[in-house]
Amino acid sequence: MPRRNDIASILIIGSGPIVIGQAAEFDYSGTQACRALREEGYRVVLVNSNPATIMTDPEVADATYVEPLTVETLTEILRREHPDAILPTLGGQTALNLAVELHDAGILDEMDIELLGASIDSIRKAEDRHLFREAMDRIGLRVPESRIIHNISEVWQVTEQLGFPLIVRPSFTLGGKGGAVVQDPSQFQRAVSDGLDASPVKSVLVERSVAGWKEFELEVMRDLADNVVIVCSIENVDPMGVHTGDSITVAPAQTLSDRQYQTLRSASLRIIREIGVQTGGSNIQFAVDPESDDFYVIEMNPRVSRSSALASKATGFPIAKIAAKLAVGYALDEIPNDITRATPASFEPALDYVVTKIPRFTFEKFPGTPARLTTTMHSVGEVMAIGRTFTESLLKAMASLEVDPQDIVPSLEEPSPYRIFAVFDALRDGMDIPEIYDRTRIDPFFIASVAKIVAAEGALSGALDAEALREAKKLGLSDETLAVAAGTSTKVVRGVREALGVVPTYKSVDTCAGEFPARTPYYYSTYEVEDEVERGDGPSVVVLGSGPNRIGQGVEFDYACVHASYALKESGYDAVMVNSNPETVSTDYDTSTRLYFEPLSAEHVLEVIRREKPEGVILQFGGQSPLKLARELEAAGATILGTSPDAIDLAEDRARFGRLLTELEIPHPRFGTASTPEEAREVAQELGYPAVVRPSYVLGGRRMEIVYSDDDLNLYLSSSADASPDHPTLIDEFMEDYVEVDVDAVSDGEDVYIGGIMEHVEEAGVHSGDSSCVTPPITLHRALLERIEGYTRRLALAVGVIGLMNVQYVVRGDSVMVIECNPRASRTVPFISKATGVPLAKVATRVLVGEKLRDMDLESSVSGHFSVKAPVFPFDRFAEADPLLGPEMRSTGEAMGIDRTFGGAFAKALTAAGQTLPISGRVYISVANRDKRAVVLIARAFADLGFEVAASEGTAEVLKNNGLPVTVVPKIGERSEDVLTLIEGGGVDLIVNTPWGRGARTDGYLIRRKALTHGVPCITTLAGAAAAIQGIESKIRGGMQRVNPLQSLHATKA
Amino acid sequence: MEYGSAGRSRATVVLEDGTTFEGWSFAGGEAGEAAGEVVFTTSMVGYQETLTDPSYRGQILVFTYPLIGNYGVIPGDEESRKVQAAAVLVREYTPYYSNWASQRSLAELLDETGVLGIEGLDTRALTRHLRDKGAMRGVISTVDHDATSLRDKANAHPEMIGLDLASAGSELTEPLLLPAFGEEVCRVAALDYGVKGSIYKELRGRGTSVLTMPGSTGASEILEENPDGVFLSNGPGDPAALDKAVDNLRPLLGEVPVFGICLGHQILGLALGCETYKMPFGHHGANHPVRNFATNRIEITSQNHGFAVRDETLPDGVELTHRNLYDGTVEGISATELRAWSVQYHPESSPGPRDSGYLFDGFVQSISHKTPA
Ligand SMILES: Nc1ncnc2c1ncn2[C@@H]1O[C@H](COP(=O)(O)OP(=O)(O)O)[C@@H](O)[C@H]1O
Ligand SMILES: Nc1ncnc2c1ncn2[C@@H]1O[C@H](COP(=O)(O)OP(=O)(O)O)[C@@H](O)[C@H]1O
Ligand SMILES: [Mg+2]
Ligand SMILES: [Mg+2]
């Protein structure tokens, strides 16, 4: 079946902001899809509200709409673009759900737009747990016994019928949201009501638990000719009960015999046919009894998924790209396998290596939520590693994680991010494999492999001969482990290895286990005989990626790295990417000239450098991870392009940086450092309260707090890991009620290009990553902006920045102060690039390879529109967390809104971030005393916009005194009818609540949680409220209806 | 848990062109030395089925998947009574196996038949070498580590071309009746050149009673049994060396429906007047796409052959029914007039995907006197 010629243009729906369960992998798949379809000559229209993506680069699609992913906006876009079809299977659950909504709203029929990939019916069959059950019955496959609940009252009889433990799984949700394993009626009650809240269709599936069974996933592909192939099998190391997204997983399956594997394979073929996914990739999950051949079907995702991304990276089979081509009519055998070029895509990849994925978590940022792994996904990112053996890939994956588990004592029984370390410890303590199996239900094969590692560690004697050294490296032991065992340094170990010629070889990922020559430069290190790298003799530059996504270091950095690769290739270099994150575009095998899928550890990076002999290494795009390696790489003789390690240190070491600012006469908040609690108190006394306290060298404001009194400070100190001379505590004067400003700039050592100035909506004290911001600034006087630009230039030159840098300022009245300078790409680089049309990361890269800014004509097009960035938070997955903004970053991603007015852009950004502002109804206001004065104007504005104003007693009184009509809402618990019940009853459309009082479970806390679970937008700062008012105004005036593709926004560039 | 070089003896692998690899023996140690044609299989699972597949007789088997032993040895998953390959080369062997159904380790199985198992070598490098240079003879030794002497031994070993391994392929001395599972719908005479057990399971599972006879059995003997159909099994070696088997087959054509698999397919081809030839490194794996022209569907197939029927030599009356989408080689033929069909690949899979069971259905239906209950 050839390419379809009856369609000319296709709309692709992206997945929106990064959230837990739906992350960078959809940038990877969406980008592939856009490229594939354009290759085929279709006009591609893309909608995605997430600026931090490659897919939203203007070059990737013909028309790129950075607009909210809602039925309204999509309809607007459809009316404007009139595409012939929509491809909804590459934008995760978001795109799939939107497709269904568009259909239900009758728009697809009305405009006669076809759905490619999956039909509405097949989407329903797969996503609706009940229909799925029925489908499985029809083809004689078993699913765990279950009941559908639409109403909390049905709970009891279900308990009767199924007994405990039970699994609660909402329909149509993502990443197991709202799901839980429940042991008793009370847990059951809560889980069901949460589940009903979480499910867009208000139904949950209650299922008999098979926790402890083995969990497998198969990635399936089907074409219109009904050819079906399995791209990859994935085995979960953590058994059923831990969400696949949170499990350590291994590809291919390790503990199934051929007979057992083929049974699952055949079942998968029947499932995809029965569900009727016409073309593309699907993901099917199975639970397999460890004691028999029994198995259950758990679910099917009729779309490209997180696991598809993993499978693509694990096999070299580009699922998203192929899915896109299948969607427009090609059959699998009509599409060539990129890697062999000689063979078609209608085959099943054969691996000759083992792949391990380990998720990355951030529980520490959400105190109150235990770090326990359940059926609800909590991980924010993942690492993947490739090795010739499971032990090697496991150890490489652990080396990629960048966490040190030292200070936790994990349990074996309870699944947690650290359980794998507990398995290591148990074996070290001599516990035997069967006992560990009984406690963890982790398949003994995996435990035995860890035992092999532990035994090897034990066998390491002081001096290692080449033989033993090679064996140790083959097993995957790091230089660090060897150094510790030998009581020496990694430097020495590395030296010895080189001397003895024990260095890694690089093998390629080729989809065919060597049966055919590979044309793709996708490599991993292992200790073997033959090396396959085809280096050529062109000059190369190594770009270090950013490793696993985590809060504070997300896809924004991958975006910058990808641009670095593009720019390097354009400038005639071989771009060499090193990264360990399977969810990204940077680890796509055709992004760079050569891809090394390796941990971002000094050892692995240095080996790549040895192999590549590059002109230099670029550290400044990958966030803090590569930056951490600067000194060690330099010491080992690597050439670092751009800002020197010493300059980096100058900017990051508070004392040195402080002195520099004083020299430059650039104002900054007074600060001090303390190595002991006593010192801390003295410093604070001297600076005065409030003050900002934090450990030195942190990213994303980790453990950063604002303290208002000695008590606060003592509380902080007692709760924080003891400050010590090498880990001092930093204390800054807190600049209260200051506006925060972010600047991204590029310097070549002579000139400095100001990429953009962003004015934060929330005042300083809210982490820059968590506050909304607008560019160009809206309330800063030109003179101030010029001063900010001037400071930025002086800083760049004085620090010695070559390449990108980000400076954060606080501003009030006429005073401008610097709070920090990051000599690297920042989170806002993609946002600014999209807002101005100037690709900052590319510009910086060209500077790094010697070009001068003055030789590039860089003019940004900011006139005529405002761009707003709004963050999204994972609070809904962290049961106890207080959804408040503070100096510690907790957002997982961001959305962008663009419009002619600030209000319109802000409204769009909030809508895109899932905080849709109402245009009428009731606003509930309850603010801290310090805000009571300022809140009056805000309340009046709401009233003028036609809102009914309701307030808590204190706030209401103030409003009344100012002549505002206001309904008083009783305090919590005071009467049966309190604010909580009001929210539950849908009686509140918007909440303005600024926090007061410390400690858990204050009324404010309860209100904010309620708002969260019931999806009522809740604004926690007055600045935010003021902006919201502008947003609402512009919505009323129709601001949301204006949709505009980037291409026309920056027409000057195009 | 054994680790590193502990308790293993060093093994040296030398190919006829002198290429050398070093590894460690993990089984069959006392065998000391083994020679044979070195071939690689890309199946990621199914080492037990593969090693016991008689078609591998006389060959040194390289697993491109780096790990074997992980799920042990499972009763019922063997394709014949013993390990058939001459030796096994793998990147890593794990003595610790985990699978509820398995009862012993792979090393025990290898030791039982004294087949050398070697681990720790760069099997990917070896595979790429064979891919580029073609399958070649090799010698493995745990006693002799001298490269030149081993190379000489490799070259002294008989070439696969012209080698008849099939005549002696069967463990049978006289015919043996294997009754259908359930109600019998037909009887076939099966010529055993080194058959894989699961082929008979597939037939019997479809109500076929299988009278299995040594591959050398003559036409008249077969016709005496007046079977509903004749089945030609898979087996090792060069089909071109099997003149006798081919002669035996000719008189049957037209007399009785014939279905062949793998070597059986090549023998049928020869009997129909086609030529066969040796492939560079053959097809060994479980992921090859094959197009079935009847349905135009693509099947993912289980493959194990080093020889093939030459496309250009198909005479009139013989049609190409299946083609390999990797290299275009012949995967299936049909002489409809004569009611004779065959496929080069393995519809019984074991190991491999089960996309091709319809071939057994088709054969059985076309010869059965009752439709299966
Ligand atoms: N019946 C069950 N018993 C035990 N665990 C289960 C059961 N059903 C699902 N799970 C666990 O919950 C996880 C999430 O369930 P799944 O249906 O895959 O939801 P999602 O759509 O979020 O992926 C699975 O990965 C599995 O580990
Ligand atoms: N002296 C200060 N006064 C007011 N707010 C501050 C001060 N220092 C930091 N902050 C707030 O804390 C946030 C995080 O601090 P920052 O130095 O940027 O740490 P990070 O390295 O995590 O970005 C800033 O975005 C700002 O809102
Ligand atoms: Mg799932
Ligand atoms: Mg900052």
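Residues numbered from 1 in each chain as written. Chains lettered and ligands numbered in written order. Predicted model: local features only at pLDDT ≥ 70, side-chain atom pairs only at ≥ 80, totals over all residues. Heavy atoms only, no water.

Draft legend 1. Representation of the overall build of chain A within the structure. A count of helices and strands for chain A gives 35 helices and 39 strands. Taken over the C-alpha trace, chain A has a radius of gyration of 28 Å; the compact-globule value for 1054 residues is 31 Å, and the two agree within 12%. Judged by the C-alpha coordinates and their principal axes, chain A covers about 80 × 70 × 60 Å. Each of the 1054 residues in chain A was classed as buried or not, and the buried ones make up 67%. (Helix = DSSP H or I, 4+ residues; strand = E, 2+ residues; numbered from the N terminus. Rg over C-alpha atoms; globule rule 2.2 N^0.38 Å. Buried < 20%, exposed > 50% of the residue type's maximum accessible area, 1.4 Å probe, protein only.)

Draft legend 2. Focus on the overall build of chain B. In terms of helices and strands, chain B carries 9 helices and 19 strands. Over its C-alpha trace chain B gives a radius of gyration of 20 Å, about what one expects of a compact globule, namely 21 Å for 373 residues. When burial is assessed residue by residue, chain B has 65% of its 373 residues classed as buried. When contacts within chain B are restricted to residue pairs at least 6 apart in sequence, those whose partners lie at least 24 apart make up 74%. For chain B, the accessible area works out to roughly 12,400 Å², and carbon and sulfur atoms hold 50% of it. (Contact = heavy atoms within 4.5 Å. Areas by Shrake-Rupley, 256 points an atom, 1.4 Å probe, with all protein chains shown as cover.)

Draft legend 3. Examining the packing of helix H16 (residues 466-475) of chain A against helix H18 (residues 490-500) of chain A more closely. Residue and element names in this part refer to chain A. At a minimum axis distance of 11 Å, the contact between H16 and H18 shows a crossing angle of 115°. If you check the angle between H16 and H18, you find them roughly perpendicular. The element H16 and its partner H18 pack so that their crossing is left-handed. On H18, the residues that touch Ala466, Leu469 and Lys473 of H16 are Val496, Arg497 and Leu500. (Axes fitted to C-alpha atoms, helices over the stretch in contact; angles between N-to-C directions. Parallel < 35°, antiparallel > 145°, perpendicular 65-115°, else oblique. Left-handed = near helix turned anticlockwise from the far one by under 90°.)

Draft legend 4. Structural view of the coordination of the magnesium ion (ligand 4). Residues and elements named next belong to chain A. Only Gln808 (OE1), Gln808 (NE2) and Glu820 (OE) from the protein reach the magnesium ion (ligand 4) as donors, at distances of 2.2 to 2.5 Å. With Gln808 in strand S31 (residues 803-812) and Glu820 in strand S32 (residues 815-822), the pair connects residues that are 12 residues apart, well separated along the chain. Exposure remark for Gln808: the relative accessible area of 7% places this residue in the buried category. Residue Glu820 is classed as partly exposed on the basis of its relative accessible area, which comes to 26%. (Donors = N, O, S within 2.8 Å, 3.2 Å for Na, K, Ca; no water.)

Draft legend 5. Representation of the sheet that holds strand S19 (residues 540-544) of chain A within the structure. All names here are of chain A. Spatially, 7 strands are ordered S17-S18-S21-S20-S19-S22-S23 in an open sheet, and the strand pairing comes out mixed. The two strands at the open ends of the sheet, each matched to only one other strand, are strand S17 (505-508) and strand S23 (640-641). Of the pairings in the sheet, the one linking S19 to strand S22 (residues 616-618) comprises 3 bridges and is parallel in character. Note on S22: the bridge partner recorded for Val542 is Val617. (Pairing = 2+ DSSP bridges.)

Draft legend 6. Focus on the side chain of Thr217(B). Residues and elements named next belong to chain B. Topologically, Thr217 is positioned in the loop between strand S12 (208-214) and helix H6 (219-224). The buried category is assigned to Thr217, whose relative accessible area is 4%. If near-sequence neighbours (up to four positions away) are discounted, Thr217 is found in contact with Leu191, Ile222 and Asn248.

Draft legend 7. Broad picture of the coordination of the magnesium ion (ligand 3). Residues and elements named next belong to chain A. For the magnesium ion (ligand 3), every protein donor is listed as Gln285 (OE1), Gln285 (NE2) and Glu299 (OE), and the spread of their distances is 2.2 to 2.8 Å. Placement of the pair is Gln285 in strand S13 (residues 280-288) and Glu299 in strand S14 (residues 295-301), with a sequence separation of 14 residues. Glu299 shares its class with Gln285; the two are buried.

Draft legend 8. Spotlight on helix H12 (residues 390-400) of chain A. Taken across its 11 residues, H12(A) has 10 buried, putting it largely inside the fold. One or two positions beyond H12(A), positive phi appears at Glu402(A), with a value near 60°.

Draft legend 9. Geometry of the interface of chain B and chain A. Each partner contributes residues to the interface: chain B has 52 residues there, and chain A has 65 residues. Regarding the contact of chain B and chain A, the summed buried area is about 5,200 Å², with carbon and sulfur atoms giving 50% of it. Where chain B packs against chain A, one counts 13 salt bridges. A salt bridge links Arg91(B) to Glu528(A), with the shortest nitrogen-to-oxygen separation between them at 2.8 Å. Across the chain B-chain A interface, the total number found is 32 residue pairs in polar contact (both at pLDDT 80 or more). (Buried area = accessible area lost by both parts, 1.4 Å probe. Salt bridge = Lys/Arg side-chain N within 4 Å of Asp/Glu carboxyl O. Polar contact = N/O pair within 3.5 Å; in protein donor to acceptor, adjacent residues only side chain to side chain.)

Draft legend 10. Structural context of the nonpolar core. Leu37(A), Leu87(A), Met221(A), Ile386(A) and Phe621(A) are the most contacted members of the largest nonpolar core, which totals 100 residues. Every residue in contact with Leu37(A), bar those within four places of it in the chain, is listed here: Ile10(A), Ile12(A), Tyr42(A), Val44(A), Leu87(A), Ala324(A) and Val328(A). Core analysis: the next-biggest nonpolar cluster, separate from the first, contains 73 residues, Leu256(A), Phe295(A), Ile74(B) and Ala107(B) among them. (Core = buried A, V, L, I, M, F, W, Y, C linked by side-chain atoms within 4.5 Å.)

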